Amino acid sequence: MAREKRILVVNDDGLHGEGLAPLREALAPLGKVTAIVPERERSAASHCLTLHKPLRLKPHGPGLYAINGTPADCARIGVLHLMRSGVDLVVSGINRGHNMGSDVIYSGTVAAASEAAMLGVPAVAVSQGLKGGKGDYRAAAAFAVRVAQRLLKGPKRPVLLNVNVPALPPESVKGWKTVRLGERLYDQNVAVRRDPRGDHYFWMAGRWVRGRDLPGTDISAVRAGYISVTPLALDPTDVAALPKVAAWRF
Ligand SMILES: [Mg+2]
């Protein structure tokens, strides 16, 4: 008989992230699901690793643990310690809000999945769009199951997928498209204020302004009502620029 599949769930929205429970419940029929998440929200933590303080792993009920660390820490502790006897798949999310285009550079959700892929485990990051600040996680949870079922069949080599689900009820989602990353544009304002002692402080709002609607990208697919699926590479080398830079005289 085939061994039960072992799935690690991580996120960056933390223990109280609203996409965590729908994801755990949806994946449960596929195998043994273990979740390790940050004890508090660490959105936009990117690929930060905790190297200079001890990490504590605390149980919060069956199959659920929190650590005082980052999303990438969760993936490492999960793969290298808690589930060291074997992990078949890592699912990161469901994030509250999209991670499209250049968001993937900042995203803790994507970083946790990419850390898993770097450790040799197939991984997918799943993010849900919000409408009026609210998320409907049903379509994302159902699609996460479909992706998980596919990834559990192989390939054996590491694979990293980034999935974004439009802010729509499941019946209104048109389907899915495999697309490249788009371009998301943020306002570039840094708010400068004064604290009660008269000293300046800064607040980086990073408010999303718009995405360029380029065809074949995650932004245009999601805008048209499709779930976007983007395979991500772990090697950011600009291969096209290599010969050009090699010809420069430094
Ligand atoms: Mg988040």
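Residues numbered from 1 in each chain as written. Predicted model: local features only at pLDDT ≥ 70, side-chain atom pairs only at ≥ 80, totals over all residues. Heavy atoms only, no water.

Chemist: Mind laying out the packing of helix α1 (residues 20–27) against helix α5 (residues 138–151), listing which residues take part and the relevant values?
Modeler: Contact geometry of α1 with α5 gives a least axis separation of 9 Å together with a crossing angle of 45 degrees. When the axis of α1 is compared with that of α5, the two are oblique. The two elements α1 and α5 meet at a crossing, and its hand is right-handed. Along its contact with α1, which presents P22, L23, A26 and L27, the element α5 presents A141, A144, V145 and A148. Residue composition of the contact of α1 with α5, grouped by class: eight nonpolar, no polar and no charged. (Axes fitted to C-alpha atoms, helices over the stretch in contact; angles between N-to-C directions. Helix = DSSP H or I, 4+ residues; strand = E, 2+ residues; numbered from the N terminus. Parallel < 35°, antiparallel > 145°, perpendicular 65-115°, else oblique. Left-handed = near helix turned anticlockwise from the far one by under 90°. Contact = heavy atoms within 4.5 Å. Nonpolar A, V, L, I, M, F, W, Y, C, P; charged D, E, K, R; others polar.)

Chemist: I'd love a proper account of the side chain of H98, names of residues and values included.
Modeler: Considering the arrangement of structural elements, one finds H98 in the loop between β5 (89–96) and α3 (103–106). From its side chain, H98 meets the backbone oxygen of V165 in a polar contact 2.7 Å long. Discounting chain neighbours no more than four positions away, the residues touching H98 are D103, S127, Q128, G129, N164, V165, P166, R184 and V222. (Polar contact = N/O pair within 3.5 Å; in protein donor to acceptor, adjacent residues only side chain to side chain.)

Chemist: Residues and numbers for the pattern of salt bridges, please.
Modeler: Using the criterion set out here, one finds five salt bridges in the structure. Measuring nitrogen to oxygen at the nearest pair gives 2.2 Å for the salt bridge that ties D103 to R184. Here the residue D103 occupies a position in helix α3, and R184 occupies one in strand β11 (residues 183–186), the gap between them amounting to 81 residues. Exposure class is identical for D103 and R184. Each is buried. Across the pair R138 and D136 runs a salt bridge, and its minimum N-O distance is 2.8 Å. (Salt bridge = Lys/Arg side-chain N within 4 Å of Asp/Glu carboxyl O. Buried < 20%, exposed > 50% of the residue type's maximum accessible area, 1.4 Å probe, protein only.)

Chemist: Lay out the layout of surface pockets with the relevant residues and their values.
Modeler: Empty space within the second largest pocket amounts to approximately 340 Å³. Considering the residues around the second largest pocket, the lining is formed by 13 residues, among which V104, L232, A233, L234 and P236 are closest to the centre. Elements represented by at least two residues in the lining of the second largest pocket include exactly α3 and α4 (108–118). If one sorts the elements of the lining of the second largest pocket by residue count, α4 sits on top with three residues. Of the residues belonging to the lining of the second largest pocket, the class tally is ten nonpolar, two polar and one charged. (1 Å grid on protein atoms, 1.4 Å probe; cavity = no way out; pocket = protein on both sides within 12 Å on 5 of 7 lines; lining within 4 Å. Points joined across faces, edges and corners; volume = space filled by probe spheres on them.)

Chemist: If you had to explain the coordination of the magnesium ion to someone new, which residues and values would you point to?
Modeler: On the protein side, the magnesium ion has D12 (OD), D13 (OD), S43 (OG) and N95 (OD1) as donor atoms, found 2.1 to 2.2 Å from it. Read from N- to C-terminus, the donor residues coordinating the magnesium ion fall into the pattern D-D-x29-S-x51-N. Placement of the pair is D13 in the loop between β1 (6–10) and α1 and N95 in strand β5, with a sequence separation of 82 residues. Of the two residues, D13 and N95, both sit in the buried class. (Donors = N, O, S within 2.8 Å, 3.2 Å for Na, K, Ca; no water.)

Chemist: Kindly report on α4, identifying the contributing residues and their values.
Modeler: The element α4 is extensively covered by neighbouring structure, given that ten of its eleven residues are classed as buried. Every buried residue of α4 is listed here: G108, T109, V110, A111, A112, A113, S114, E115, A116 and A117. The inward-facing, buried residues of α4 abut β1, α2 (71–82), β5, α3, β6 (123–128) and β9 (160–165). If you check the start of α4, you find a side-chain oxygen 3.1 Å away from the backbone N of T109, and it comes from S107. Within two residues after α4, G120 carries a phi angle of roughly 95 degrees, on the positive side.

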